[in-house]
Every structure is written in C-alpha cells, then in structure tokens.
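Tertiary structure, described
Each chain, written out:
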Amino acid sequence: MLFFGGDYNPEQWSEEVWAEDVALMRQAGVTMVSLGVFAWSHLEPEEGRFEFGWLDRIMDRLHEGGIRVALATPTASPPPWFTLAHPEGLPVTADGVRLTHGSRDTYCVSAPAYRAAARRIATELAGRYARHPALALWHVHNEYGTDCRCDLTASAFRSWLQKKHGDLDTLNESWTTAFWSQRYSEWAQIMPPRATQYLPNPAHVLDFRRFLSDELLAAFAEQRDLLRAAGPQVPVTTNFVQGGWVSVDHARWASEVDLVAVDHYPAAADAEGEAETAFGADLARGWAGGEWLLMETAPNLIYTPGRMHAKEPGRLTRHSLNYVARGSRGAMYFQWRQPRGGAELFHSALVPHAGPDSPVFREAVGLGRALRTLAPYAGGPVDARVAVSWDAPSWWALQGGGLPAADIDYPAAVRQVHRALYRSGVATDFVFPGQEGFEARLAAYRVVFLPHLFLVSDEDAAALRDFVAGGGHLVVGHLSGIADLAGRIRLGGYPGAFRDVLGVRVVEWRPLAPGTTIALDNGDQGIRWSERVETAGAETVVRYAGDVLAGAPAITRNRLGDGVAWYVSPGLGDDDLRRLLDRVTAEAGVAPVLPGLPPEVEAVRRGDLLFLFNHGATPEIVPLPGPGTDALTGRALSGAVTVQPGGVTVWRGE
Ligand code: GLA
C-alpha cells in the first residue's frame, strides 16, 4: 500500500464535518491520516485529566472507513495550563527571554516537568490505542527542533560535555579556550551559548548544537520506547524537517526511527521547485538508506518569499509522484482540511476553504487513483551510482560569524551540486560522513562529491582516500577538509584532510565580493570564491586567468591508485559546474537515467518503474528503454511515448 492522506485535525470541527471528512477521504482514496499532532489541550484539558472520547470516536470512524491512522503524541505543543504550572518548562532564547504559550513548539526539552508531561500523555495514548485496529504508525511529536538556553539546559549541556570530553583540559583544548581568556576551571562555568559581547567561540556553539540534537533525540527515544513497550508491532517515527532553523542532525537520528518520515516544502515557484523536490526526496532516501515516507508537503501551495504561490494544474500530482519515484512510501500532506482560523489558516489543504468542489480536491481524487494503481509496483529501490555528502555539523560550523565570507551558504553549495546532477538526469544519493557504516556505503558509488565538507574526521578522510585508491572518483569543493570535528584547523595548508588524496595545497583564500568574478582559462568564470592553489602531484585541468592568481591552478585532477580525485577551487555558475560534473560522471562511466531527454522532462527509475515527468508546457516525445506498459493506464507502450504538458507517464518494463 502507498500511504496517501495527511494531517487531520478533527478537534477543529464538529462531528457532522467528520462524517463528511471520512466520505471525502474514501472518495479520494485516502489510506492514512496523521491524527492528534497538536491536540494536547483537547486530550488533556487540565493536568492529569484526560478526554479520549472524541479520539475514540474518530479512530473508530476512520477504521470503519478503511482508513489507517498515524497517531501522534501531541508533545510539540504544550497547552496553556502547562505554561502556568511549569514556567521552567518554557524555552529561553539566547537573549534571556522566556517565551510563553501562544504559538507552538514552546517547551524546553531539558526541563524535567516537560519531559514528565510528555511521557504521561504518551503513556496514556499508548495504553489506550496501541492495539487499535486503525493504528498503522506512531508519529511522535512534530518536527523536533526547539532551541532553549535556560539554566536547566545549561545543566544538561554540562552533563553531555562531561560525557563527551571527560575532563576540562580536553574540553579546553578542543574548544581552543586559550583564545580570549575563555579557559574553564569548573564545569559550572560553562553556559549554553547566550547573547554575548562579540563573536562567540565557534567550538562552543558547535558542541551546543550537537548537544541539542542529542537531547531532542533522547526525548524522542523516551517516547518511542514506551510506545514500543505498549505495542511492539506498531512502527514508531517522528517527522524530520529540512530547513535552515533545524537543530537536529537527521543522519544521527535515522537509525532511531522505524521509518524515516520527512516533511518537505519546496520554496521556489519556477522550475527550481522541481529541483528542490528531487533534492528533498533524495536526501530523505539517504537518511533512510532506502524507503522513506513523505509525511508532509503542501498540496496546493509553494511558500515563495513573501507570497503563497498556488500550484499549477498537474503540479500536485507531479510533485507527489516525484517523491514516490524517489523512494517515498506514499504522499502525505499538511493538511487534510483547511482550518477556519488559527495561525496557518491560509495554508493549503486537500479540502480547501472552497470545499471539495475545487481544483485541488479534484486533482487529489485523481492522485489517489494513481497511487492505488501504482501501489503494487512501487516498492523497488532507486539505484544511484553517484553520491553527494551531507553533513549537519559542517553546516553548523559554517553558520557563525568570523568566517572568511559572510555569504558562505552550506545548503546552497550542496543544492548546487545536486541540481547540476539533477539537470543532467543522473540518479543521485546522499552519504553522511560521521555516520556508522560510512566507509561501507561509499563502496556503492562510482563518484562522490564533497561540497563544503568543512569538518571531517581522520577516519572518514581515510575512508575517502581508500574509496579513490580502490577506483572511485572523488570531487572535492573548496571549504572541504579544513578542520577536525572540533572545528580546529588542520595545519600545513588547506584542505588539510584531503591534501594527499588531491595532490594539492591551498595556501591562501581569496573569497570574491558578491557580483564579482574571476576569469578561468577555459572561458568559465569563477564566482564567490578563489584561492591560491599549489599542486603537489595533481594535474592542472583549469587555471585562474585573472587577478593576482593568473596562472595558478583552479581545477585539478589527481590519479591515486585506481581512482581519480578532483579539486574544484573556485565557485562556479550552474552551467559551468554542470559541464564539469558531466565530464567527471562520464569518465566514471555513469550514465543519466535516460540519455537524450528534452530539458523539461525528468526521468526517475524506481525498481521496474520509469517515471517520466514533463514539467514543460508542450507535449514531449520520449524514447522508451523497451516495450512495456503504461503503469497508470494499462496501455501497451513501445518505441516512444508522448508525455503530456505538466503530466506524468509511468512506464513499466516487460
Ligand atoms: C510544518 C508542520 C505543520 C505545518 C506545516 C506548514 O511542516 O509540521 O504543522 O505547520 O509546517 O507550515
């Protein structure tokens, strides 16, 4: 079965509306809804008093309608009574402001009162519903990520630091506290990073972010374990979210959930929205190491900066099937029914304010049908021979002040590499340095790209070296391999961790001002970044041709063992980067999913299915790999197929 449905909030509606909801869900072919995500104040209206009658009734009603439930624990949004009874359970910002209820996610994960209240409501739900026939999945909390800098956090942070560093000498060394007189002589002197006079210590900030991710994970694991104890047959997950504010290292969380579930909201209305969808799905599949579940996306909305963009006809279907093509076990949305009020009253829904007589609901009905038709064939793997690294700690390390350029943008650097591969139609995975099994996972790939992998351990650097020596192709971009995991520079020339594998040594950084470029001798223009590179064994493929760097190496290629390691020193525009990456993948023997496609057509292969997405406005004729069937219509296909504008064709080979 493919999951199709979304966040459902019956607590916002009367029971007459529930009856209509279930009827409409059946009409649309909804298979699962997420229930109770923010329902704490309805489930526990006062401390220790529970009201489950309404949840019993809707669970039963959904079950009668054949709809499964991902039942949430509502702990992302403590009710107002919690605030008043346990003010220390509220988060404090770095500026020392204690936040209060009035929005959501207002909790301090280190506060014992919050943790106890979260365990209590989760225990009640587990006891009551673990064996309910509608229950398919536990959905713990919602998008863990709240940051807090209070005194309770301080004490939990210190315990984490003690476990990590053992003694203060080690911590002082690791944090370079000799700089600016920050040497700690008692654990009690260490605070979470709080508002301070000038730049904070980056190692302090980095460890705090790691701590917070682990602390949130501990809160998740606590709920997971008690849910499992009540009903071991039901898988447990929590919805990860991809976004700049997120304080969680999902690569470390992935092994703690039974199914990786991800919320993904592309933010561009143009063709970039499609590239973002592909990126979000590929990253999610990477975390999962295979199948995952799209837990939320917006049915009919793209939040572009400053404006909500309604999706064009067909785009809901294309986006949704794209996630499925890239490994999702279905397509779930925020949300089922658009609310009458509340903070997100204009966020789109499968049933909008206009009601079911609306384009979005009609498209949802068609999509439900398509998902039902594809379900028997959609479980196969996505096979990629190239991978890009993703590393939350490197992202965090490149977010602070005091960096060589203010416009260093970790996600943008990773996105750019993914986008280049996406545009060339090359199936792409992600790998996660620091994750258990990193070295073994590298073995699946012909080419690995490291954009802005600022922090790297000796072990992972050695694994990447072995990958090359064993015949792999490695492409390292600037700002990679610069520091150890504590953020201390690897001395002797950048990129310290990869100098030997690359056969280069970088002796000076020369970041470029926005809008300026530096000429390269192949006619390309360097942007954002330039450096003085010296070769130490590598062959120079492209040289800088301008500025004081004229004649110095810019792009190099080093043979090592049976493989090749490329160094890309300047920033490149999308087209220039894509040409370079095309050369690398071709040399490595990696072909696009379907060669020779029109630019508007995207091809994704999952198991026996080949998804063809036409993002353009004209019909496109696509040559097929062989005879087969149109998996959506059952029609026989051979030779070539015309994919309609804004449409999707799914070919299933014979
Ligand atoms: C997140 C949340 C949802 C909703 C959506 C839309 O992903 O989990 O509750 O707020 O964003 O903004």
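Provided above is the structure to which this section pertains.
On a predicted model such as this, the values are computed, not experimentally measured, just so you know.

1. A word on the pairing of strand S21 (residues 553-560)
- Most of S21 sits out of view: 7 of its 8 residues are buried.
- Examined bridge by bridge, strand S20 (residues 539-543) and S21 share 4 bridges and lie antiparallel to one another. Its bridge partner lying in S21, Val542 is registered against Ile555.
- Relative to strand S22 (residues 563-568), S21 runs antiparallel, the two sharing 6 bridges. Following the sheet pairing, Arg557 is matched in S22 by Trp566.
- Following S21, the chain reverses through 2 residues before pairing antiparallel with S22; Gly561 in that reversal takes a positive phi of roughly 55°.

2. A closer look at the site of the ligand
- As a structural note, the neighbourhood of the ligand is formed by Phe38, Arg104, Asn142, Glu143, Asp263, Tyr265, Glu296, Phe334, Glu344 and His347.
- At 2.8 Å from an oxygen atom of the ligand is found a side-chain nitrogen or oxygen belonging to Asn142.
- A class-by-class count of the residues in the shell around the ligand yields 3 nonpolar, 2 polar and 5 charged.

3. Side note on the pattern of salt bridges
- Evaluation of the coordinates by the stated rule reveals 52 salt bridges.
- The partner of Arg488 in a salt bridge is Glu173, with the nearest N and O atoms 4.0 Å apart. Of this pair, Arg488 sits in the loop between strand S15 (473-477) and helix H17 (499-502) while Glu173 sits in helix H7 (residues 168-174); the two residues are 315 residues apart in sequence, bridging distant segments of the chain.
- The exposure class of Glu173 is exposed, given its relative accessible area of 54%.
- Residue Arg505 pairs with Glu534 through a salt bridge whose shortest N-O separation is 3.0 Å. With Arg505 in strand S16 (residues 504-509) and Glu534 in strand S19 (residues 531-535), this pair connects stretches of sequence that are 29 residues apart.
- According to the relative accessible area criterion, Glu534 is partly exposed, its value standing at 35%.
- Via salt bridges that share partners, Glu272, Arg415, Arg419, Arg423 and Asp574 belong to a single interconnected network.

4. Side note on the pairing of strand S13 (residues 428-431)
- Taking every second residue as pointing to the same face, both faces of S13 are buried, with Thr428 and Phe430 on one and Asp429 and Val431 on the other.
- Of the strand pairs in this sheet, strand S12 (residues 386-389) and S13 are connected by 4 bridges, and their pairing is parallel. By the bridge assignment, Val386 is partnered in S13 with Thr428.

5. Comments concerning the packing of aromatic side chains
- A complete count under the given rule lists 31 aromatic pairs for this structure.
- Their ring planes at 50° and their centres at 5.4 Å tell us that Tyr144 and Trp253 sit as a pair that is tilted. On the criterion of sequence distance, the pair formed by Tyr144 in the loop between strand S4 (135-140) and helix H6 (151-165) and Trp253 in helix H9 (residues 250-253) is long-range, its members being 109 residues apart. Trp253 carries the same exposure label as Tyr144, and that label is buried.
- Between Trp395 and Tyr410, the aromatic rings sit 6.3 Å apart at their centres with planes inclined by 20°, giving stacked as the arrangement. Here Trp395, found in helix H13 (residues 392-397), pairs with Tyr410, found in helix H14 (residues 410-423); they are 15 residues apart in sequence, far enough to count as distant. As far as burial versus exposure is concerned, Trp395 and Tyr410 are alike and both buried.

6. Quick word on the packing of helix H11 (residues 315-325) against helix H12 (residues 359-374)
- Between H11 and H12, the least distance of the axes is 9 Å, while the angle of their chain directions is 30°. If you check the angle between H11 and H12, you find them roughly parallel. In the crossing of H11 with H12, the sense of the turn from one axis to the other is right-handed. Here Arg315, Leu316, Thr317, Ser320, Leu321 and Val324 of H11 come into contact with H12, specifically with Val360, Glu363, Ala364, Leu367, Leu371 and Leu374.
- Its residues assigned to classes, the contact of H11 with H12 shows 8 nonpolar, 2 polar and 2 charged.

7. Notes on the state of the cysteines
- Counted by the stated rule, this structure contains 0 disulfides.
- Lacking any disulfide linkage, Cys108 is separated from the closest cysteine sulfur, that of Cys148, by 3.6 Å.

Rules and cut-offs
Residues numbered from 1 in each chain as written. Predicted model: local features only at pLDDT ≥ 70, side-chain atom pairs only at ≥ 80, totals over all residues. Heavy atoms only, no water. Buried < 20%, exposed > 50% of the residue type's maximum accessible area, 1.4 Å probe, protein only. Helix = DSSP H or I, 4+ residues; strand = E, 2+ residues; numbered from the N terminus. Pairing = 2+ DSSP bridges. Near = heavy atom within 4 Å. Polar contact = N/O pair within 3.5 Å; in protein donor to acceptor, adjacent residues only side chain to side chain. Nonpolar A, V, L, I, M, F, W, Y, C, P; charged D, E, K, R; others polar. Salt bridge = Lys/Arg side-chain N within 4 Å of Asp/Glu carboxyl O. Phe/Tyr/Trp six-rings, centres within 6.5 Å; stacked < 30°, edge-to-face > 60°. Axes fitted to C-alpha atoms, helices over the stretch in contact; angles between N-to-C directions. Parallel < 35°, antiparallel > 145°, perpendicular 65-115°, else oblique. Left-handed = near helix turned anticlockwise from the far one by under 90°. Contact = heavy atoms within 4.5 Å. Disulfide = S-S within 2.5 Å.

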